[in-house]
Amino acid sequence: QKEVEQNSGPLSVPEGAIASLNCTYSDRGSQSFFWYRQYSGKSPELIMSIYSNGDKEDGRFTAQLNKASQYVSLLIRDSQPSDSATYLCAGPSSGGTYKYIFGTGTRLKVLA
Amino acid sequence: EPEVTQTPSHQVTQMGQEVILRCVPISNHLYFYWYRQILGQKVEFLVSFYNNEISEKSEIFDDQFSVERPDGSNFTLKIRSTKLEDSAMYFCASSLTSSTNEKLFFGSGTQLSVL
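Residues numbered from 1 in each chain as written. Chains lettered and ligands numbered in written order. Predicted model: local features only at pLDDT ≥ 70, side-chain atom pairs only at ≥ 80, totals over all residues. Heavy atoms only, no water.

Draft legend 1. Summary view of the state of the cysteines. Enumeration according to the criterion identifies two disulfides over all chains in this entry. Note on cysteine connectivity: Cys23(A) is disulfide-linked to Cys89(A), with sulfurs 2.1 Å apart. Here Cys23(A) and Cys89(A) share a disulfide; its torsion about the S-S bond, -70°, makes the bridge left-handed. Here the residue Cys23(A) occupies a position in strand β3 (residues 19-25), and Cys89(A) occupies one in strand β9 (residues 85-92), the gap between them amounting to 66 residues. One exposure class covers both Cys23(A) and Cys89(A), and it is buried. Each disulfide pairs two cysteine sulfurs, and for Cys23(B) the partner residue is Cys92(B), the sulfurs being separated by 2.0 Å. Taking the torsion about the S-S bond as the criterion, the Cys23(B) to Cys92(B) disulfide, at about -65°, is left-handed. Remark: Cys92(B) occurs in strand β9 (residues 88-95) and Cys23(B) occurs in strand β3 (residues 19-24); sequence separation between them is 69 residues. Judged by relative accessible area, which is 1%, Cys23(B) ranks as buried. (Disulfide = S-S within 2.5 Å. Helix = DSSP H or I, 4+ residues; strand = E, 2+ residues; numbered from the N terminus. Buried < 20%, exposed > 50% of the residue type's maximum accessible area, 1.4 Å probe, protein only.)

What follows is the structure, given as C-alpha cells:
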C-alpha cells in the first residue's frame, strides 16, 4: 500500500514568518509530487508541483524534493493570515493508470 | 481560465435513495476522476475514466457506484442505494493526459448528506 504521510498539525506561525510543511512517501519509484491548498469546505487548489530533486520556487512558495530520503516539503515565506488552510501533499500511484495518493494534510494557522 | 464545474453544490438524500452527481470537466481534458473526502479525513480516490471506460477503481467503488459520460461534456457519478457512510464531499477532477507529471484540476465539490 503506497502511502503519503503528513503531520496533521495544526502548525501555528506568526505573520511574516516562514512556514515549513513536510511530507514523506513510501513509494521509492514516485517521480512527481504536488502541493494543494484546501480551505475548509472547499476543493483542493494546486499550488506547486515538483518533479526532480532539489528546490523549485514560485513566488513565496518553495517546494523541495529529496528522493533519497523520500521527503517533500513546502516552504511559505512571509506567511499571511490568508495562507491559513490545510496543505495536502499528493503523489501519483505508480504502476497502472494514473491517480493521486493524498496525505491527510497539515493544517496551517498564521497568526496576525 | 477553464475550470471543472460540479452540480449540485449540496445534495441531501434519504438512505436507500439513488443520487447522481454531475460534473463538466475541462473541455480538452481526456481523463476524468472522482474523489471523495469524508469530513476531517483525507481525499480518497474512487475511480478514473478514459475513453468511455473505467481505467481504475478503488475498493470504495463497489457495485453501488457507477460512472458515465452520457454526452460529450458531462461526467456523472451515480450511487444506487445510498448509505449513511456515503456522506462526504465528492470531487470531480480532470487532466489532459495520464502522465505522472500531469496536474489534476478539481471541481468545487458536491457535499452529499445521507440522512
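Draft legend 2. How the structure looks around the sheet that holds strand β1 (residues 4-5) of chain A. All names here are of chain A. Taken in spatial order, the five strands line up as β1-β3-β8-β7-β6 in an open sheet, and their pairing is antiparallel. The open sheet is flanked by β1 and β6 (54-58), the only strands paired with a single partner. In the sheet, β3 pairs with strand β8 (residues 71-76) via six bridges, with the strands oriented antiparallel. From the neighbouring strand, Ser-20 faces β8, where its bridge partner is Leu-75. (Pairing = 2+ DSSP bridges.)

Draft legend 3. The interface of chain B and chain A, seen in detail. Contact with chain B, which involves 22 residues of that partner, is made by 23 residues of chain A. Summing both sides of the interface, chain B and chain A together bury roughly 1,900 Å²; the carbon and sulfur share of this comes to 57%. Of all residues in chain B, the largest losses of buried area upon contact with chain A belong to Lys42(B), Glu56(B) and Thr100(B), amounting jointly to 27% of the total for that side. Summed over the shared surface of chain B and chain A, the number is one salt bridge. Ionic pairing is found between Glu3(A) and Lys42(B), a salt bridge with its closest N-O pair at 3.9 Å. Summed over the shared surface of chain B and chain A, the number is five residue pairs in polar contact (both at pLDDT 80 or more). When contributions to the side of chain B that touches chain A are tallied by element, the ones reaching two or more residues are β4 (31-37), β5 (43-50), β6 (53-57) and β9 of chain B. For the side of chain B that touches chain A, a count of residues per class yields eight nonpolar, ten polar and four charged. (Contact = heavy atoms within 4.5 Å. Buried area = accessible area lost by both parts, 1.4 Å probe. Salt bridge = Lys/Arg side-chain N within 4 Å of Asp/Glu carboxyl O. Polar contact = N/O pair within 3.5 Å; in protein donor to acceptor, adjacent residues only side chain to side chain. Nonpolar A, V, L, I, M, F, W, Y, C, P; charged D, E, K, R; others polar.)

Draft legend 4. Quick peek at the packing of aromatic side chains. Throughout the structure, instances matching the rule amount to 17 aromatic pairs over all chains. Summarising the aromatic geometry, the rings of Tyr25(A) and Phe33(A) are spaced 4.3 Å apart at their centres and angled 40° between planes, so their arrangement reads as tilted. On the basis of relative accessibility, which here comes to 6%, the residue Tyr25(A) falls in the buried class. Considering the side-chain rings of Tyr36(A) and Phe106(B), the 5.6 Å spacing of their centres and the 90° angle between planes classify their relative orientation as edge-to-face. Placement of Tyr36(A) in strand β4 (residues 33-38) and of Phe106(B) in strand β10 (residues 105-106) is noted, with the two residues assigned to different chains. Positioned over the ring face of Tyr51(A) is Lys56(A), at 5.7 Å from the centre of the ring. The ring centre of Phe61(A) lies 5.6 Å from the NZ or CZ of Arg60(A), which sits over that ring. (Phe/Tyr/Trp six-rings, centres within 6.5 Å; stacked < 30°, edge-to-face > 60°. Lys NZ or Arg CZ within 6 Å of the ring centre and 35° of its normal.)

Draft legend 5. A look at the environment of Glu53(B). For Glu53(B), the position within the fold is in strand β6. Between the C-alpha atoms of Glu53(B) and Arg69(B), which are 16 residues apart in sequence, the distance is 9.1 Å.

Draft legend 6. Region of interest: unusual backbone geometry. At the junction of Gly9(A) and Pro10(A), the peptide bond is cis and its omega measures out at 10° in the coordinates. Structurally, Pro10(A) is set in the loop between β1 and β2 (11-14). Residue Pro8(B) follows Thr7(B) across a cis peptide bond; omega there is -10°. Residue position: Pro8(B) is located in the loop between β1 (5-7) and β2 (10-13). Despite not being glycine, Gln70(A) has its phi angle at roughly 55°, a positive value. As for its placement among the helices and strands, Gln70(A) is situated in the loop between β7 (61-66) and β8. The phi angle at Asp78(A) is positive, at roughly 45°, despite the residue not being glycine. By the element assignment, Asp78(A) lies in the loop between β8 and β9.

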